[in-house]
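So the chains spell out like this:
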Amino acid sequence: MANATTTTAATSGAHAPEQEGRIRRAMRNDKLATGILTVIVGVVMAIVVAMVAYILFQGVGQLFQPGFLTEASRSNGTEGGIAYQLFDSFYLLVLTLIISVPISLFGAVFLVEYAPDGPVTKIASTAIETLSSLPSIVVGMFGFLMFSVNFGWGYSLISGAIALTMFNIPILTRVITQALEDVPASQRDACLAMGLTRWETTLHVLIPAAMPAIVTGVVLSAGRVFGEAAALLFTSGMSSPARLNFFSLNFASPTCAWNIFRPGESLAVHIYKIYGEGSPEAQHIVWGTAAVLMICVLLFNVLSRIAGKALARRMTAE
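Worth saying up front: this structure is predicted, and the values here are computed from it rather than measured.

Trainee: Would you mind going over the overall build of the protein in detail, with residue names and values included?
Mentor: When helices and strands are tallied, the protein shows 10 helices and two strands. The helix and strand sequence of the protein, counted from the amino end, reads α-β-β-α-α-α-α-α-α-α-α-α. A compact globule built from 318 residues would reach a C-alpha radius of gyration of about 20 Å, whereas the protein, at 27 Å, exceeds it by more than 25%. Counting only residues that meet the buried cut, the protein has 40% of its 318 residues in that class. Residue pairs at least 24 apart in sequence account for 75% of intrachain contacts in the protein once pairs closer than 6 positions are excluded. Surface summary for the protein: the accessible area is close to 17800 Å², and the carbon and sulfur share equals 69%.

Rendered as C-alpha cells:
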C-alpha cells in the first residue's frame, strides 16, 4: 500500500509541470483572444462614434436656423426647410407599421404555434429569408411595376408604404418568432392543462409574455424603415406637394396631408435628390437633413431599450 501511494504521488508530481504549462497556455490564449476582440469592438465603436459625430457636427447648426424644421422646401429643395419631408417620413413609417406589424405577428404565431414541422415550415422560412435578403432597390422596382403601374397608384405614399412593408415583414417575423420561442414551454403546458385552447393561450399568455421583445423589435425595425431611400425612389416619388393642408379631410385632394395616394418625399430621398444635383449652396440643407435623420434613428434605438425595459418590468412585476 505504501509503495502504491508513493507511486501515485510520484506520477502526480511528474504530471504537475505539464498541467501547469497547459493552464498557462490556456490563460495566455484567453488573454490574447480577449485583447483581439476588445480591439475589434473598439474599432467598430470608434467608426460609429466618428460617423455620428461628423454628421452632427456638420448639420446640427442648420437645425437652429429659423424655419428649417417648420417651413416647406423651395426651389426644388435647395431653399427653405424640411417640414413636409419630415412629416412624410413619419407618415410613411406609420403606414408601414400598420400594414406590417399585424401580418408579421400572425405569421410568427402560425410558424411557432400552428405550423407542423415539415415542408410548410421549411418553405415559409425559406421565403422569409429570401425576402429579407433582397436588395431594397429591387423591392422598389417591383413596387413601382406592381403598385405604381399595374394598380395605377402612380408615385404615392401607399405604394412606398407597401414597398417598405415587403422587407420589413421578414425582420419583424424573425423577431416575433424568436420572442415567442423564448417563452418557457411550462407556461404553454400550464395553460393547456387548465383547459385553455391554443389560441387563448397564445392571445392571453404567450403574446403578453413576449411583448417586451416584440416592442423592441418593432421600434428597431422602425429605425431601419425610417432611413430607407432606395425603395422609395420608385414608389413614393422624389417630391412633395408645394402646399399641404393638415386640416383638410378631403382624402381625394392632392394637397390633403393625409391622402395616401399623393406623392411624398422622405428625408433620405430628400438627401439623395439634393446631393445628386450638386448644388454647392444647398449642401448645408443636405447636412441638416442628415443630422435630423441621424437623430431620429438614434432616438428609435434609445426608445426601443426604454420601452423594452419598461414593458419587461411591468410584465414580470420586477
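Trainee: Provide a residue-level description of the pattern of salt bridges, including the pertinent values.
Mentor: Should the charged atoms of two oppositely charged side chains come close, the side chains can pair. On inspection of all chains with the given rule, the structure shows four salt bridges. A salt bridge links arginine 262 to aspartate 88; the nearest nitrogen and oxygen atoms lie 2.7 Å apart. Taken together, the residues arginine 262 in the loop between helix H8 (230–233) and helix H9 (267–277) and aspartate 88 in helix H2 (residues 83–114) connect sequence positions 174 residues apart. Exposure class is identical for arginine 262 and aspartate 88. Each is buried.

Trainee: Help me get a handle on the nonpolar core, residues and values and all.
Mentor: Within the largest apolar cluster, 64 residues are counted, with the highest numbers of intra-cluster contacts made by Leu93, Leu180, Phe226, Leu267 and Val292. Among the secondary structure elements, those contributing two or more residues to this core are helix H1 (2–63), H2, helix H4 (136–150), helix H5 (157–181), helix H7 (198–226), H8, H9 and helix H10 (283–316). Looking at this core element by element, the count peaks at 12 residues for H5. Dropping the residues within four chain positions of it, leucine 180 is found in contact with Ala108, Val109, Val112, Arg188, Leu206, Ile207 and Ala210.

Trainee: Which residues make up the packing of aromatic side chains, and what are the values?
Mentor: Enumeration over the complete set of coordinates arrives at 14 aromatic pairs. On the basis of an interplanar angle of 75° and a centroid distance of 5.5 Å, the ring pair of phenylalanine 147 and phenylalanine 151 is categorised as edge-to-face. With relative accessibility at 9%, the residue phenylalanine 147 sits in the buried group. Residue phenylalanine 151 is classed as partly exposed on the basis of its relative accessible area, which comes to 45%. What links up through ring pairs into an aromatic cluster is the set Tyr84, Phe87, Tyr91, Phe246 and Trp258.

Trainee: Got a sec to walk through a nonpolar patch on the surface? Specific residues and values, please.
Mentor: A cluster of nonpolar residues, Leu32, Ile36, Leu37, Ile40, Val44 and Val48, forms a patch on the protein surface that exposes about 550 Å² of accessible area. Here isoleucine 40 is to be found in helix H1.

Trainee: Requested: an account of H7, with residues and values cited.
Mentor: Spanning 29 residues, H7 covers only 36 Å between terminal C-alpha atoms, well under the ideal 42 Å at 1.5 Å per step. At methionine 211, H7 is deflected by roughly 55°, the largest bend along its length, and proline proline 212 occurs up to four residues later in sequence.

Trainee: Lay out H2 with the relevant residues and their values.
Mentor: The end-to-end C-alpha distance of H2, which contains 32 residues, comes to 46 Å, matching closely the 46 Å that a straight helix rising 1.5 Å per residue would cover. By the largest-angle criterion, serine 100 marks the main kink of H2, which is about 25°, and a proline, proline 102, follows within four residues.

Trainee: If you had to explain the packing of H2 against H5 to someone new, which residues and values would you point to?
Mentor: Taken N-terminus to C-terminus, the directions of H2 and H5 make an angle of 40°; their axes are 6 Å apart at the nearest point. Crossing handedness for the pair H2 and H5: right-handed. Looking at the contact of H2 with H5, its residues break down into 21 nonpolar, eight polar and one charged.

Trainee: Let's hear about the environment of isoleucine 176: which residues, and what values?
Mentor: Mapped onto the secondary structure, isoleucine 176 falls in helix H5. In this structure isoleucine 176 comes out as buried when scored by relative accessible area, which is 2%. For isoleucine 176 and isoleucine 207, which are 31 residues apart along the polypeptide, the C-alpha to C-alpha distance reads 9.1 Å.

Trainee: Quick one: what's the story with the side chain of serine 89, residue by residue and with numbers?
Mentor: Here serine 89 is to be found in helix H2. In terms of polar contacts, serine 89 uses its side chain to reach the backbone amide nitrogen of leucine 267, at 2.8 Å. Those residues in contact with serine 89, other than ones at most four positions away along the chain, are Phe226, Ser266 and Leu267.

Trainee: Help me get a handle on the environment of valine 120, residues and values and all.
Mentor: For valine 120, the position within the fold is in helix H3 (residues 119–133). For the pair valine 120 and methionine 194, spaced 74 residues apart in the sequence, the C-alpha separation amounts to 30 Å.

Here is what the cut-offs are and how they apply
- Residues numbered from 1 in each chain as written.
- Predicted model: local features only at pLDDT ≥ 70, side-chain atom pairs only at ≥ 80, totals over all residues.
- Heavy atoms only, no water.
- Helix = DSSP H or I, 4+ residues; strand = E, 2+ residues; numbered from the N terminus.
- Rg over C-alpha atoms; globule rule 2.2 N^0.38 Å.
- Buried < 20%, exposed > 50% of the residue type's maximum accessible area, 1.4 Å probe, protein only.
- Contact = heavy atoms within 4.5 Å.
- Areas by Shrake-Rupley, 256 points an atom, 1.4 Å probe, with all protein chains shown as cover.
- Salt bridge = Lys/Arg side-chain N within 4 Å of Asp/Glu carboxyl O.
- Core = buried A, V, L, I, M, F, W, Y, C linked by side-chain atoms within 4.5 Å.
- Phe/Tyr/Trp six-rings, centres within 6.5 Å; stacked < 30°, edge-to-face > 60°.
- Patch = residues over 30% accessible without salt bridge, like charges linked within 9 Å, V, L, I, M, F, W, Y side chains within 5 Å.
- Expected span 1.5 Å × (residues − 1).
- Bend = angle between axes of the 7 residues up to and from the residue.
- Axes fitted to C-alpha atoms, helices over the stretch in contact; angles between N-to-C directions.
- Left-handed = near helix turned anticlockwise from the far one by under 90°.
- Nonpolar A, V, L, I, M, F, W, Y, C, P; charged D, E, K, R; others polar.
- Polar contact = N/O pair within 3.5 Å; in protein donor to acceptor, adjacent residues only side chain to side chain.

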